[in-house]
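# Analysis of the macromolecular model
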Amino acid sequence: PLNIALLDSALRSAQQAGIPIVFLASSISSYGGVLISGENYEMGLEAGHAGGELINELFDGQGRVLILDYPDMDIIVDRVNGLREGVLEVAPGSEIVASRLGGTRPLGYASVKAALAEGLGFNTILSLNDAGSLGAIQALEEAGIDPASVVISSVDAEGAARDLIRRGHFLRASVSVDREGFSNAAIYAALRLLAGEPLPETLIVLPGPVITAANVDEVE
């Protein structure tokens, strides 16, 4: 939920009625249920590390990094903190030149288009997710940017992202999300709650591997 306050009354009614609730979110009240969460900081850290490795390989360690973030959501702030720390850990000679809104394709597109219009120089984009990356790529394509001159590291490793990684078209790395793990955790939690069995308030699902051109055809 982007705004849990809009659902508060209904969720409190469900809680009072004894209906078990399972959320795929971690920074909200559980309403007596269970929160299924990814390790958002770790996801960001792995994507940042991958971006740093690309910077070292392609730009002699001198990255000029544009970050696509979404500061209104705490879990995304954690992920973006991981992006920042990860890239500077691996490529300490890099500079984070700006942070702009991402998270959706329109936001990623608008932010990168504006950055290009401003003359903001960057050779690396770290994106909180693939949706923002796809918007960024659209803006880069429209501007006639050479895919070899800007690289993107992201999170989600969706099908469209894997195709771009396979082609080496801007997007070079994306941290995969264990969707089967999230689904299994949600069903497990729901069944345990229905049976009246105890569970921790939060169940953590670990991030999957980083998808690159080296393993894109091997990792599901």
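Our subject is the structure that appears above.
Below: a short report on this structure. (Residues numbered from 1 in each chain as written. Predicted model: local features only at pLDDT ≥ 70, side-chain atom pairs only at ≥ 80, totals over all residues. Heavy atoms only, no water.)

### Some words on the sheet that holds strand β1 (residues 22–23)
Taken together, the 3 strands give an open sheet; going across it, the order is β1-β2-β8, and neighbouring strands pair in parallel fashion. Looking at strand neighbours, the two that pair on one side only are β1 and β8 (202–205), the edges of this open sheet. For strand β2 (residues 34–38) and β8, the ladder comprises 4 bridges, and the chain directions are parallel. Residue Ile36 lies in a different strand from β8, and its bridge partner there is Leu203. (Pairing = 2+ DSSP bridges. Helix = DSSP H or I, 4+ residues; strand = E, 2+ residues; numbered from the N terminus.)

### Topic: the pattern of salt bridges
As enumerated under the stated definition, the model contains 6 salt bridges in all. Here Arg12 and Asp8 are joined by a salt bridge, their closest N and O atoms 3.0 Å apart. Residue Arg12 and its partner Asp8 are located together in helix α1 (residues 8–16), separated by 4 residues, close to a single helical turn. Across the pair Arg166 and Asp217 runs a salt bridge whose closest N-O atoms are separated by 2.9 Å. Of the two residues, Arg166 is situated in helix α6 (residues 159–167) and Asp217 in the segment after β9 (210–211); the sequence distance between them amounts to 51 residues. A relative accessible area of 41% means that Arg166 is categorised as partly exposed. (Salt bridge = Lys/Arg side-chain N within 4 Å of Asp/Glu carboxyl O. Buried < 20%, exposed > 50% of the residue type's maximum accessible area, 1.4 Å probe, protein only.)

### So, the sheet that holds β9
By definition, the strands of a sheet pair up through backbone hydrogen bonds, in either a parallel or an antiparallel sense. Ordered in space as β4-β3-β5-β6-β7-β9, the 6 strands form an open sheet in which the pairing is mixed. The two strands at the open ends of the sheet, each matched to only one other strand, are β4 (95–101) and β9. Pairing of strand β3 (residues 64–69) with β4, which is carried by 6 bridges, proceeds in the parallel orientation. Within β4, the residue paired with Ile67 across the bridge is Ser99. On the sheet, helix α5 (residues 130–142) packs against β3, β5 (124–127), β6 (151–156) and β7 (171–176) and is oriented at approximately 155° with respect to β6. α6 contacts β7 and β9 of the sheet and is inclined by roughly 140° relative to β7. (Contact = heavy atoms within 4.5 Å. Axes fitted to C-alpha atoms, helices over the stretch in contact; angles between N-to-C directions.)

### Digging into helix α3 (residues 74–90)
In a regular helix each residue adds 1.5 Å, so 17 residues correspond to 24 Å; α3 covers 25 Å between its end C-alpha atoms and thus fits that length. All of the buried residues along α3 are Ile75, Ile76, Arg79, Val80, Gly82, Leu83, Gly86 and Val87. Down the axis of α3, the sector holding all buried residues measures 150°, keeping them to one side. Of the residues in α3, the exposed ones pointing more than 90 degrees away from the buried face are Asp74 and Glu89. Tucked inside the fold, the buried residues of α3 contact α2 (40–58), β3, β5 and β6. (Expected span 1.5 Å × (residues − 1). Arc of directions from axis to C-beta.)

### What about the environment of Gly82?
With respect to the helices, strands and loops of the structure, Gly82 is situated in helix α3. Taking the relative accessible area as the measure of exposure, Gly82 reaches 0% and is therefore buried. Considered as a pair, Gly82 and Leu45 are 37 residues apart in the sequence and their alpha carbons are 4.0 Å apart. Not counting residues within four places of it along the chain, the set of residues in contact with Gly82 comprises Tyr41, Gly44 and Leu45.

### Let's talk about the side chain of His169
Position of His169 relative to the elements: it lies in the loop between α6 and β7. When its relative accessible area of 15% is taken as the criterion, His169 is described as buried. At 2.7 Å, the side chain of His169 forms a polar contact with the side chain of Glu141. With residues near it in sequence (within four places) discarded, His169 still touches Ile137, Glu141, Pro147 and Leu164. (Polar contact = N/O pair within 3.5 Å; in protein donor to acceptor, adjacent residues only side chain to side chain.)

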